[in-house]
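# Reading the structure
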Amino acid sequence: LAEAYASLAYEKFVNELDWVGADDDYQKSISLDPEYATARARYALFLIAMSRPNEAIKEIDRALELDPLSLPITYNAGRIYFQTGRYEEGVMLSKKALEIDPNNAPAHGGLAADYLSMGQYDRAIEEFRAAQKLRGGYSPYAIEVAHVYAVEGRRSEARHALARLLSEPKWGSVAPYSFAVTYAALGQKDDAFTWLQKSVDDHSCTVIEINTDRALDPLRSDPRFAQIRRLFHLPG
């Protein structure tokens, strides 16, 4: 079953950190059913995490050809294109995802992340707030608004937003990765590493973020980041 191999590959990728096994099982899934778009899309995410951008683009393009109206494939395609430096195409795909479903929180969140990387802070905040409104409750999007403030240099607003969120105990267990990158942008490395370790422990941070997320750049030269990489079975 192609579906079973794709699920096994995802488990090896996200939880077991078995890069060779995940690669083999994704390829096995695709060989069993070359038109199984989900396997190709998941394999593309694996490939971008492994710093194999050309192969990732090839797989996500084929997934889009096979299932052009798939919402998750479309917004993940936007994410992959953006991470390969093809920003205009990444934004276009994020917007296409919102055409498929204007009320999808992850699609709004993906577009917000695009705008943040491009320095379009007002648009990023608008999209993160839209995502938070759609998701409701305790979600990473509210924390990401503070992250935008931090990147923009609005440090007092970022710290105020973080303090307000952390005054409610439940926020401390939600999306530790978003707290980590916000503290990294503020230059508070000790806090950033505390939250990054939490996100590693609860598997909300994957090798995709470790290898590709520019939000972690302020931490990469710190010896503690090399230790995080070793936890992911990557060279320090």
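Structure first, text after, so check above.
Presented here is a report on the structure given in the accompanying data block. (Residues numbered from 1 in each chain as written. Predicted model: local features only at pLDDT ≥ 70, side-chain atom pairs only at ≥ 80, totals over all residues. Heavy atoms only, no water.)

## Here's the deal with the overall build of the chain
Looking only at helices and strands, the chain features 14 helices and zero strands. Counting from the amino terminus, helix and strand elements in the chain follow one another as α-α-α-α-α-α-α-α-α-α-α-α-α-α. Expected size for 236 residues packed as a compact globule is a radius of gyration near 18 Å; at 18 Å, the chain falls within 12% of this value. Counting only C-alpha atoms and orienting by the principal axes, one finds that the chain spans roughly 55 × 40 × 30 Å. When each of the 236 residues of the chain is scored for burial, the buried share is 50%. Restricting the contact set of the chain to residue pairs at least 6 apart, pairs at least 24 apart contribute 53%. Split by element, the accessible area of the chain, about 11,200 Å² in all, is 51% carbon and sulfur. A distance of 4 Å separates the average location of the 27 positive side-chain charges in the chain from that of its 34 negative side-chain charges. (Helix = DSSP H or I, 4+ residues; strand = E, 2+ residues; numbered from the N terminus. Rg over C-alpha atoms; globule rule 2.2 N^0.38 Å. Buried < 20%, exposed > 50% of the residue type's maximum accessible area, 1.4 Å probe, protein only. Contact = heavy atoms within 4.5 Å. Areas by Shrake-Rupley, 256 points an atom, 1.4 Å probe, with all protein chains shown as cover. Lys, Arg positive; Asp, Glu negative; His and termini not counted. Charge placed at Lys NZ, Arg CZ, Asp CG, Glu CD.)

## Some remarks on helix H9 (residues 140-152)
When the terminal C-alpha atoms of H9 are compared, their 18 Å separation across 13 residues agrees well with the 18 Å that a helix rising 1.5 Å per residue should span. Among the 13 residues that make up H9, 10 are buried, leaving the element largely enclosed by the rest of the structure. By the burial criterion, the buried members of H9 are Tyr 141, Ala 142, Ile 143, Glu 144, Val 145, Ala 146, His 147, Val 148, Tyr 149 and Ala 150. Residues of H9 that are buried sit in contact with helix H7 (105-117), helix H8 (121-135), helix H10 (155-166) and helix H11 (176-186). At the exit of H9 stands Gly 153, carrying a positive phi of roughly 95°. (Expected span 1.5 Å × (residues − 1).)

## Re the packing of aromatic side chains
Taken as a whole, this structure holds eight aromatic pairs when the rule is applied. Ring centres of Tyr 26 and Tyr 43 lie 5.5 Å apart, and the angle between their planes is 35°; on these two criteria the pair is classed as tilted. Separated by 17 residues along the polypeptide, Tyr 26 in helix H2 (residues 19-32) and Tyr 43 in helix H3 (residues 37-49) bring together distant segments of the chain. In terms of burial, Tyr 26 and Tyr 43 fall into one category: buried. Their ring planes at 45° and their centres at 6.0 Å tell us that Tyr 26 and Phe 46 sit as a pair that is tilted. In this pair, Tyr 26 sits in helix H2 while Phe 46 sits in helix H3, placing the two residues 20 residues apart along the sequence. The pair formed by Tyr 26 and Phe 46 is uniform in burial state, with each residue classed as buried. Here the aromatic cluster, defined as three or more aromatic residues joined through ring pairs, consists of Phe 13, Trp 19, Tyr 26, Tyr 43 and Phe 46. Above the face of the Tyr 10 ring, Arg 42 is positioned so that its terminal group lies 5.5 Å from the ring centre. (Phe/Tyr/Trp six-rings, centres within 6.5 Å; stacked < 30°, edge-to-face > 60°. Lys NZ or Arg CZ within 6 Å of the ring centre and 35° of its normal.)

## Topic: the pattern of salt bridges
Here the structure, examined in full by the defined rule, presents 12 salt bridges. Put simply, Glu 55 and Arg 52 hold a salt bridge, and the shortest N to O gap is 2.8 Å. Classification of Arg 52 as partly exposed rests on a relative accessible area of 24%. What emerges from the salt-bridge pattern is a single network uniting Asp 23, Arg 52 and Glu 55. (Salt bridge = Lys/Arg side-chain N within 4 Å of Asp/Glu carboxyl O.)

## What about the nonpolar core?
Core analysis: the largest hydrophobic core is formed by 86 residues, its most contacted members being Phe 13, Trp 19, Phe 46, Ile 60, Leu 196 and Phe 232. Element by element, the count of residues in this core is highest for H3, at 10 residues. Not counting chain neighbours up to four residues away, the residues in contact with Phe 46 comprise Phe 13, Trp 19, Ala 22, Asp 23, Tyr 26 and Arg 52. (Core = buried A, V, L, I, M, F, W, Y, C linked by side-chain atoms within 4.5 Å.)

## Points about the packing of helix H1 (residues 2-16) against H2
Contact geometry for H1 and H2: axes closest at 8 Å, N-to-C directions at 165°. Classified by the angle their axes make, H1 and H2 are roughly antiparallel. Of the two elements, H1 crosses H2, and the hand of that crossing is left-handed. Residue-level inspection shows Ala 2, Tyr 5, Ala 6, Leu 8, Ala 9, Tyr 10, Lys 12 and Phe 13 of H1 in contact with H2, the latter providing Trp 19, Gly 21, Ala 22, Asp 25, Tyr 26, Lys 28, Ser 29 and Leu 32. (Axes fitted to C-alpha atoms, helices over the stretch in contact; angles between N-to-C directions. Parallel < 35°, antiparallel > 145°, perpendicular 65-115°, else oblique. Left-handed = near helix turned anticlockwise from the far one by under 90°.)

## Observations regarding unusual backbone geometry
Excluding glycine, a negative phi dihedral is what most residues carry, and trans is how most peptide bonds are arranged. One non-glycine residue with positive phi stands out, namely Ser 51, at about 60°. Inspection of the secondary structure puts Ser 51 in the loop between H3 and helix H4 (53-66). Residue His 203 is not a glycine yet carries a positive backbone phi of 65°. The residue His 203 is located in the loop between helix H12 (189-201) and helix H13 (207-212) in this model. Since its relative accessible area comes to 36%, His 203 is described here as partly exposed.

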